[in-house]
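Structural overview for review
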Amino acid sequence: MSEAVAAAAAEALGAAVVSAEPVPGGDINRALRLRLDDGRTLFVKHRTGAPPGMYTAEADGLAWLADSGGGLRLPAVAAVGEREGARFLALEWIERGRPGPDHDERLGRGLAALHRAGAPAFGLDRDNWIGSLPQDNRAASSWPAFYGERRLAPLTRKAVEQRLLTLEAGARVERVIGRLEDLCGPPEPPARLHGDLWGGNALADAGGRPVLVDPAVYGGHREVDLAMMRLFGGFSDRCLDAYREFSPLASGHQDRVALYQLYPLLVHVLLFGGAYAGRLERALGRYVPG
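Everything in this summary refers to the structure shown in the same document.

The rules we used
- Residues numbered from 1 in each chain as written.
- Predicted model: local features only at pLDDT ≥ 70, side-chain atom pairs only at ≥ 80, totals over all residues.
- Heavy atoms only, no water.
- Helix = DSSP H or I, 4+ residues; strand = E, 2+ residues; numbered from the N terminus.
- Buried < 20%, exposed > 50% of the residue type's maximum accessible area, 1.4 Å probe, protein only.
- Core = buried A, V, L, I, M, F, W, Y, C linked by side-chain atoms within 4.5 Å.
- Contact = heavy atoms within 4.5 Å.
- Salt bridge = Lys/Arg side-chain N within 4 Å of Asp/Glu carboxyl O.
- Axes fitted to C-alpha atoms, helices over the stretch in contact; angles between N-to-C directions.
- Parallel < 35°, antiparallel > 145°, perpendicular 65-115°, else oblique.
- Left-handed = near helix turned anticlockwise from the far one by under 90°.
- Nonpolar A, V, L, I, M, F, W, Y, C, P; charged D, E, K, R; others polar.

**Details of unusual backbone geometry**
The phi dihedral of Arg-163 falls on the positive side, at around 60°, and the residue is not glycine. Counting through the fold element by element, Arg-163 comes out in the loop between helix H4 (143-161) and helix H5 (167-178). For Arg-163, a relative accessible area of 78% corresponds to the exposed category. Here Asp-214, not a glycine, exhibits a phi torsion of approximately 50°, which is positive. Its location among the elements puts Asp-214 in the loop between strand S10 (210-212) and strand S11 (218-220). For Asp-214, a relative accessible area of 29% gives the class partly exposed.

Structure, rendered in structure tokens:
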């Protein structure tokens, strides 16, 4: 597989491969460090059975975030391959470094600016993926409707069908969905979301500047990204404080953190098994009794 991907990437990039070295690619994808005879070094991600359009959607998402003018670095797209059996996404190679002294503040302010760039609607003009799960981005009339109908409901049904969640837990999610008009807080315009902002998707480049990778973009409530940042750690209080200084949050935002963690927890239940079900149920307990 790696050889086929390297060959397809070289053809798309118009250069010969000098070396193709496997490197860590995350839980879903595999990756190569591709050196070409024209001097370029690229990060190439791929996986067996990648569905058509997956890497094109990610490339479009990176471009959409980069177009925000928020000042955060995102890897530039070099090529996308959609040939069956050798689908890939080739990105500029970003050499990692130690975070600079103002890294966390720059990340917080940059994320706030990214969110402020906004989106045309709650949703996106195309579907994409979070991990290996399809993400339905059809627009909805309001944020509570989008979060319930496009995010919580379909993943809950799938998790119950696969017996990763109990019927009782699924019913509790449905009860939360029924209360979203009251739980989601004051109305806000759609923010331009990264969509999968856990600690592994934010890094520092060789100059110590913050970089965002692996997005699952859509227009949504900005507190979704912030809740994801607090789910598994990896972000400092300085980063979140800088965000709030640049873009203050609506009243009651602390009470909505667990609400907006329900979606990534459902994603983790489906991708990594029922071990995450207990954490999901604890989050549900903030809004509906067990």
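**Description of the nonpolar core**
Trp-143, Tyr-147, Val-176, Leu-259 and Leu-262 are the most contacted members of the largest nonpolar core, which totals 43 residues. Listing elements by their share of this core, those giving two or more residues are H4, H5, helix H6 (180-183), strand S8 (191-193), helix H7 (223-231), helix H9 (257-272) and helix H10 (277-284). Top element by residues in this core is H9. It accounts for eleven residues. For Leu-259, the residues in contact, after removing those within four places along its chain, are Tyr-147, Val-176, Leu-180, Leu-183, Cys-184 and Tyr-287. Of all hydrophobic cores here, the second largest spans 32 residues; its members include Ala-57, Ala-59, Phe-235 and Cys-239.

**Observations regarding the pattern of salt bridges**
In this structure the tally under the stated criterion is 18 salt bridges. Close ionic contact of Arg-222 with Glu-188 constitutes a salt bridge, the shortest N to O distance being 2.8 Å. Of this pair, Arg-222 sits in the loop between S11 and H7 while Glu-188 is found in the loop between H6 and S8, placing the two residues 34 residues apart along the sequence. Across this residue pair, the class does not change: Arg-222 and Glu-188 are buried. Each member of the salt-bridge network shares a partner with another, and the members are Arg-73, Glu-92, Asp-205 and Arg-209.

**Observations concerning the environment of Gly-233**
Within the secondary structure, Gly-233 is located in the loop between H7 and helix H8 (237-246). Residue Gly-233 is classed as partly exposed on the basis of its relative accessible area, which comes to 30%. For the pair Gly-233 and Thr-48, spaced 185 residues apart in sequence, the C-alpha separation works out to 30 Å.

**Brief notes about the packing of H7 against H8**
It is at 12 Å that the axes of H7 and H8 come closest, and there the two elements cross at 170°. Between H7 and H8, the angle is such that the two are roughly antiparallel. The way H7 lies across H8 gives a crossing that is left-handed. Only Cys-239, Leu-240 and Tyr-243 of H8 make contact with H7, whose side of the interface consists of Leu-226, Met-229 and Arg-230. Split by residue class, the contact of H7 with H8 holds five nonpolar, no polar and one charged.

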